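Listed below, chain by chain, are the residues.
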Amino acid sequence: MFTHQNLYNFWRRSQSVWLCKLVKVTVSFLNQQELFELSQIHQLTQVEFGVKLSWEYYTKSGIGHMSWCVSANQPGLVFTNKGLASDSVPQIYQYRMADENTLVMSVGKYEETIRLEGTKRRLREQRYDRRLIRRVWENKVEALVS
């Protein structure tokens, strides 16, 4: 059992492709090589698991991706391969599970909340300095991502 078991369960249920009017988001777990590479960036020794997110915008040109992992000896922290301000600078986010269906991740004045609503729908809210900047509902595509 992971130190970050609730977070793992949340992402296990989130593993898929999510669609909304703005973007297509793909969620999957990192493989062992990707996990090793990310753990080396942050010099982590007790990595439990990692997640990769990729997205493709519909309303503007652009694609992106981000990977992160958690370490057994660092509760409440997520270690990323890139940050919000710069695509090349790794960051450390704080996270908390408000409940089994709600994840809140933050760094500085930025906060993102993801709430699973059943098995096929989720709400993502992004805030900066506590002000809502984006709220989107996403629907899960049936096929799971490996």
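These numbers were taken from a predicted model, which means no experiment stands behind them. (Residues numbered from 1 in each chain as written. Predicted model: local features only at pLDDT ≥ 70, side-chain atom pairs only at ≥ 80, totals over all residues. Heavy atoms only, no water.)

A.B. asks: Just give me the short version of the environment of Leu123, but keep the residues and values in it.
C.D. replies: Examined against the element boundaries, Leu123 turns out to sit in strand β9 (residues 121-128). C-alpha separation for the pair Leu123 and Trp137, spaced 14 residues apart in sequence, amounts to 4.6 Å. Beyond its immediate chain neighbours, meaning those up to four positions away, Leu123 contacts Thr113, Ile114, Arg115, Arg135, Val136 and Trp137. (Helix = DSSP H or I, 4+ residues; strand = E, 2+ residues; numbered from the N terminus. Contact = heavy atoms within 4.5 Å.)

A.B. asks: Outline the sheet that holds strand β7 (residues 102-107), supporting the account with residue identities and numerical values.
C.D. replies: One closed barrel accounts for ten strands, arranged β1-β2-β3-β4-β5-β6-β7-β8-β9-β10; its pairing is antiparallel. Across the sheet, the mean angle separating the axes of adjacent strands is 25° when strand polarity is ignored. Bridge analysis of strand β5 (residues 77-80) against strand β6 (residues 92-99) gives three bridges, and the strand direction is antiparallel. Among the inter-strand pairings, Val78 is bridged to a residue of β6, identified as Tyr93. (Pairing = 2+ DSSP bridges. Axes fitted to C-alpha atoms, helices over the stretch in contact; angles between N-to-C directions.)

A.B. asks: Any details on the nonpolar core? Residues and values, ideally.
C.D. replies: Core analysis: the biggest nonpolar cluster contains 25 residues, and Leu7, Trp11, Val51 and Trp68 have the highest contact counts within it. The set of elements that each furnish at least two residues to this core consists of α1 (5-14), β2 (23-29), β3 (47-57), β4 (63-71), β6, β7 and β8 (110-116). Element by element, the count of residues in this core is highest for β2, at four residues. Once residues within four sequence positions are removed from consideration, Leu7 is found in contact with Phe49, Trp68, Val70, Tyr95, Met97 and Leu103. With six residues, the next largest nonpolar core counts Leu30, Leu38, Leu44 and Phe79 among its residues. (Core = buried A, V, L, I, M, F, W, Y, C linked by side-chain atoms within 4.5 Å. Buried < 20%, exposed > 50% of the residue type's maximum accessible area, 1.4 Å probe, protein only.)

A.B. asks: Can you explain the packing of aromatic side chains? Please cite residues and give values.
C.D. replies: For the coordinates displayed, the defined rule picks out six aromatic pairs. Look at Trp11 and Trp68: their rings are 5.7 Å apart centre to centre, the planes differ by 65°, and that puts the pair in the edge-to-face class. With Trp11 in helix α1 and Trp68 in strand β4, this residue pair connects regions lying 57 residues apart in the sequence. As far as the burial class goes, Trp11 and Trp68 line up, both buried. Between the aromatic rings of Phe29 and Phe49, the centroid separation amounts to 6.0 Å while the plane-to-plane angle is 70°, which identifies the pairing as edge-to-face. Placement of the pair is Phe29 in strand β2 and Phe49 in strand β3, with a sequence separation of 20 residues. Between the NZ or CZ atom of Lys60 and the centre of the ring of Tyr57, over which it lies, the distance is 4.6 Å. (Phe/Tyr/Trp six-rings, centres within 6.5 Å; stacked < 30°, edge-to-face > 60°. Lys NZ or Arg CZ within 6 Å of the ring centre and 35° of its normal.)

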